[in-house]
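Okay, here's what each chain looks like letter by letter:
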Amino acid sequence: MRSVSIFGATGSIGESTFDLIRRGGGAEVYRTVALTGGRNITRLAEMARELRAEIAVTAHEECMPALRDALQGSGVEVAAGAGAIADAADRPVDWTMSAIVGAAGLVPGLRALRHGGTLALANKESLVTAGPLLMQTAHDFGATILPVDSEHSAVFQALTGEDRSCVERVIITASGGPFRDWDAERMATATLAEAVAHPNWSMGQRISIDSASMFNKALELVETREFFGIDPEKIEVLVHPQSIVHALVGFCDGGIMAHLGPADMRHAIGFALHWPSRGPVPVERLDLARIANLSFQTPDEKRFPALRLAREVMEARGLSGAAFNAAKEIALDQFIAGRITFPQMAVLVEETLAQMARRNDLSRDAANLDDVLQADAAARRTATEIVGAW
Ligand code: NDP
C-alpha cells in the first residue's frame, strides 16, 4: 500500500490532493500518515477520519483542544505547533505533498526529504528561500522532488527525455491576473477584494494576490532557476490570458515543446501523484476549437516591478531569495491588513533588499538552514521597520 502525507491539507492544493486520493480509492488504496492544517480544524478532522490518518497536526497550539475534540474516538493521533508539523514530516512515507503556504513550508519539506521518497512541491517559497539546500538535501538522501506549480510541472513534462544541453530557453506563462489591463493609476487604488479575484484560477488568498502583483510569477522565475538549474537569461515570462499553455521549452533546433492543460491544479498534482507513470485525472478535457485563440504578450515590468526584482535576486543569489520571499510575505500581510497600497508591496520588498544588501546581509550561500532562517527573520524585521517608518 502506498503511503502518503499532506502538509497544508486544508488549503486549496491540499483539498485538490485529497480529492485525487479519495477518487483513487482513499483509505482502501493509500495509507495516510500525516495530515496538517492551520485553523480549519473541522475540515482537518473530517479529512483525517476519512483517510484514517495516523496523525493530524494543526500549526496553532491554541487549536489543539478543538482538534482533540473533533478526533475523539477516531484513533487518529493529534499534535499542534510548528515543531509538531516538522516532526510529522519525519514519519517515513512514499509520497509527500508540500502545500503549506509561505516559508513555513521549508522545514517540513526538508525533513520529509531526509527519508528519501518523493516530495511533490507546491510550496514554491521553499525553493525561492533555500533552493540549493533543498536540492542538495534531496540529492544526499536519494529523494525525488517533483514540481507541482503548473508551470514547472509543464517544464518538467516538456523536458522529459530531452537533451538538457540543447535547451535554449524556458518560457513560463502568466495569466496577467485581474490587473492585466489596468493602468498604474488604477492599480494604486486596488482593493483586497479586487486583488483576490483571479480571472482563471481558483486558489488560496495569498497566491491569488501574488498573481495580481506578479510576485507569484517572480517567485516562479526564481523557482525555475533553482529547480531546473537554467541560467536566468534563458528564462522568460509571457503573459497568456487564457491560461491554457503553462510553459514552453525551446531547443537548439528551433523547436518548442509546449504543455497545454486546463486551469485545474489537479492535473499537475495528479501528474506528481502518478509519476513516473501517467494515471487518469478527472480534469476537464480541452476543446481547442472552442477556445480558438491563444494569445501571448510581453509583461509590463513597469506596472509589475516584481519581475524585475526577481531578475535581480537571481543575479545576486546567496540569501537574496530568502530575503525576497520573506519581505514579500510581510508586504502581503501589510496589504491584506489595509496598511499599504497595492503598489507599495513592491516598493517595500525593493527597499528591504536594498537595506539588507547595504548591510552585506545577503552574500552567504543559501546552503545552511540557520543562515537561511536568519536571513528570513532579518528581512521580516527590516520590512516591518520600513513600514513602521512610512
Ligand atoms: P492556502 O492558503 O489555500 O492553504 C495553505 C495551507 O497551509 C492550509 O492548509 C493552511 O491551513 C496551512 N497553513 C497556513 N499557514 C500555515 C503555517 N504557518 N504553518 C503551517 N500550515 C499553515 O494555500 P494554497 O493551497 O493556495 O497554496 C499552498 C502552496 O501551494 C503555496 O506555496 C502556493 O504558492 C502553492 N501553489 C498554489 C497553487 C494554487 O492553485 N492554489 C498553485 C501553485 C502553487 P488552514 O487553511 O487550515 O489555516
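Right above here is the structure, for reference.
Residue numbers here run from 1 along each chain, matching the order of that chain's written sequence. At least 70 in pLDDT is required for a residue's local features to be given in this predicted model, at least 80 for side-chain atom pairs to be given and counted, and no such filter applies to totals for whole chains, interfaces and linings, which use all residues. Remark: hydrogens and water are excluded; side-chain values derive from all non-hydrogen atoms of the structure.

J.: Can you help me understand helix α17 (residues 369–389) in this one?
T.: In a regular helix each residue adds 1.5 Å, so 21 residues correspond to 30 Å; α17 covers 30 Å between its end C-alpha atoms and thus fits that length. Taken residue by residue, α17 has Asp 371, Val 372, Ala 375, Asp 376, Ala 378, Ala 379, Thr 382, Ala 383, Ile 386 and Val 387 as its buried positions. We call two residues in contact when some of their heavy atoms are within 4.5 Å. We count a stretch as a helix when DSSP gives it H or I for four or more residues in a row; a strand needs E for two or more, and each element gets its number in order from the N terminus. Summarising the contacts, the buried residues of α17 are in contact with α5 (106–113), α6 (124–140), α15 (320–336) and α16 (344–358). Think of a polar contact as two N or O atoms within 3.5 Å of one another; within protein, one of them needs to be a possible hydrogen donor and the other a possible acceptor, and neighboring residues in sequence only count if both atoms come from side chains. For α17, the N-terminal cap is Asn 368; the gap from its side-chain oxygen to the backbone nitrogen of Asp 370 is 2.8 Å. To estimate the expected span of a helix, count its residues, drop one, and scale the result by 1.5 Å. Only protein chains enter the calculation, and the probe is 1.4 Å; a residue is then buried if its accessible area is under 20% of its type maximum, exposed if over 50%, and partly exposed in between.

J.: What is the right way to look at the sheet that holds strand β5 (residues 95–98) in this model?
T.: Note on sheets: strands pair through backbone hydrogen bonds, and any given pair is parallel or antiparallel. Spatially, the 7 strands line up as an open sheet ordered β4-β3-β2-β1-β5-β6-β7, and their pairing is parallel. Each edge of the open sheet carries a strand with a single partner, namely β4 (77–80) and β7 (144–147). Averaged over all adjacent pairs, the angle separating strand axes in this sheet is 15°, with direction ignored. Bridge count for β5 against strand β6 (residues 118–121) is 4 bridges, and the pairing is parallel. Bridge pairing in β6 places Met 97 opposite Ala 120. Two strands are counted as paired when DSSP detects at least two bridges linking them. Fitting a line to C-alpha atoms yields each axis, with helices limited to the stretch in contact; the angle taken between N-to-C directions then spans 0 to 180 degrees.

J.: Looking at this model, I keep getting lost on the packing of helix α11 (residues 215–228) against helix α14 (residues 306–316). Mind explaining?
T.: A pair of packed helices is characterised by two quantities: the angle between their axes and the separation of those axes. The contact between α11 and α14 brings their axes to 8 Å, and the two run at 25°. The angle between α11 and α14 places the two elements in the roughly parallel class. Handedness of the crossing formed by α11 with α14: right-handed. Residue-level inspection shows Phe 215, Lys 217, Ala 218, Leu 221, Val 222 and Arg 225 of α11 in contact with α14, the latter providing Ala 306, Leu 307, Leu 309, Ala 310, Arg 311, Val 313 and Met 314. Polar here means any residue other than Ala, Val, Leu, Ile, Met, Phe, Trp, Tyr, Cys and Pro, which are nonpolar, and Asp, Glu, Lys and Arg, which are charged; Gly is therefore polar. Classifying every residue of the contact of α11 with α14 by side-chain character gives 10 nonpolar, no polar and 3 charged. Oblique is the label for every angle not falling under 35 degrees (roughly parallel), over 145 degrees (roughly antiparallel), or within 65 to 115 degrees (roughly perpendicular). Less than a right angle of anticlockwise turn of the near helix away from the far helix marks a crossing as left-handed, whereas a clockwise turn marks it as right-handed.

J.: Can you help me understand the nonpolar core in this one?
T.: Looking at soluble globular proteins, one finds that nonpolar side chains tend to be buried together. Nonpolar cores are built from buried Ala, Val, Leu, Ile, Met, Phe, Trp, Tyr and Cys residues. Side-chain atoms within 4.5 Å join them into one set. Of all hydrophobic cores here, the largest spans 128 residues; its most connected members are Met 97, Phe 215, Phe 324, Phe 342 and Met 345. Considering each element in turn, this core owes the most residues, 9 residues, to α15. Discounting chain neighbours no more than four positions away, the residues touching Met 97 are Ser 5, Ile 6, Phe 7, Ile 13, Thr 17, Ala 120, Ala 122, Val 148 and Ile 269.

J.: Help me understand the packing of aromatic side chains in this model?
T.: Two numbers describe a pair of aromatic rings. These are the distance of the centres and the angle of the planes. Any Phe, Tyr or Trp ring, taking Trp's six-membered ring, that has another such ring centre within 6.5 Å forms a pair; planes under 30 degrees apart are called stacked, those over 60 apart edge-to-face, and the others tilted. Summed over all chains, the structure comprises 7 aromatic pairs. Between Phe 227 and Phe 228, the ring centres sit 4.8 Å apart and the planes meet at 75°, which makes this aromatic pair edge-to-face. Classification of Phe 228 as buried rests on a relative accessible area of 8%. By way of ring pairs, the aromatic residues Phe 179, Trp 182, Phe 335 and Phe 342 are connected into one cluster. A ring has a charge above it when a Lys NZ or an Arg CZ is no more than 6 Å from the ring centre and no more than 35 degrees off the ring normal. Over the face of the ring belonging to Trp 182 we find Arg 186, whose NZ or CZ atom lies 3.7 Å from the ring centre.

J.: Even after reading the chapter, I still don't get the site of the ligand, so can you show me in this structure?
T.: Any residue with a heavy atom lying within 4 Å of a molecule or strand is counted as near it. The ligand sits among 25 residues. The nearest are Thr 10, Ser 12, Gly 38, Arg 39 and Glu 125. In the environment of the ligand, an oxygen atom lies 2.9 Å from a nitrogen or oxygen atom belonging to the backbone of Ile 13. Taking Glu 125, its side chain carries an N or O atom lying 2.6 Å from an oxygen atom of the ligand. Computed with the Shrake-Rupley method and a 1.4 Å probe, the accessible areas treat only the protein chains shown as cover for residues. Protein coverage of the free-state accessible area of the ligand, which is 900 Å², stands at 83%. Looking at the shell around the ligand, the elements that each hand over two or more residues are α1 (12–23) and α6. Per-class residue counts for the shell around the ligand are 12 nonpolar, 9 polar and 4 charged.

J.: What is the right way to read the state of the cysteines from this model?
T.: Defined simply, a disulfide is a covalent bond joining two cysteines at their sulfur atoms. Two cysteine sulfurs form what is called a disulfide whenever their separation falls within 2.5 Å. Scanning the model with the defined rule gives 1 disulfide in all. Across the disulfide from Cys 166 sits Cys 252; the S-S distance is 2.3 Å. Of note, the bridge from Cys 166 to Cys 252 carries an S-S torsion of about 50° and is right-handed in sense. Within this pair, whereas Cys 166 is found in the loop between α7 (150–159) and β8 (167–174), its partner Cys 252 is found in the loop between β10 (245–251) and β11 (256–260), the two being separated by 86 residues in sequence.

J.: Which parts of the structure should I look at to understand a nonpolar patch on the surface?
T.: For patches, a residue must show more than 30% relative accessible area and have no salt bridge; joins then use 9 Å for like charges and 5 Å for nonpolar side chains, namely Val, Leu, Ile, Met, Phe, Trp and Tyr. Whenever a carboxyl oxygen of Asp or Glu lies within 4 Å of a side-chain nitrogen of Lys or Arg, that contact is scored as a salt bridge. A surface patch of nonpolar side chains, amounting to about 320 Å² of accessible area, comprises Leu 260, Leu 288, Leu 294 and Phe 296. Examined against the element boundaries, Leu 288 turns out to sit in helix α13 (residues 288–291). Using a relative accessible area of 46% as the deciding quantity, one classes Leu 288 as partly exposed.

J.: Looking at this structure, I do not really get the pattern of salt bridges. What am I missing?
T.: Between side chains of opposite charge, a pair can form as their charged atoms come close. Throughout the structure, instances matching the rule amount to 32 salt bridges. Arg 31 is the partner of Glu 54 in a salt bridge, and the nearest nitrogen-oxygen pair spans 2.8 Å. Taken together, the residues span a long stretch of sequence, with Glu 54 in the loop between α2 (41–51) and β3 (55–58) and Arg 31 in strand β2 (residues 30–37) at a distance of 23 residues. Classification of Arg 31 as partly exposed rests on a relative accessible area of 36%. Because the salt bridges share partners, they merge into one network encompassing Lys 124, Asp 149, Glu 151, Lys 217 and Glu 220.

Keep in mind that these numbers describe shape and distance, not what the molecule does.
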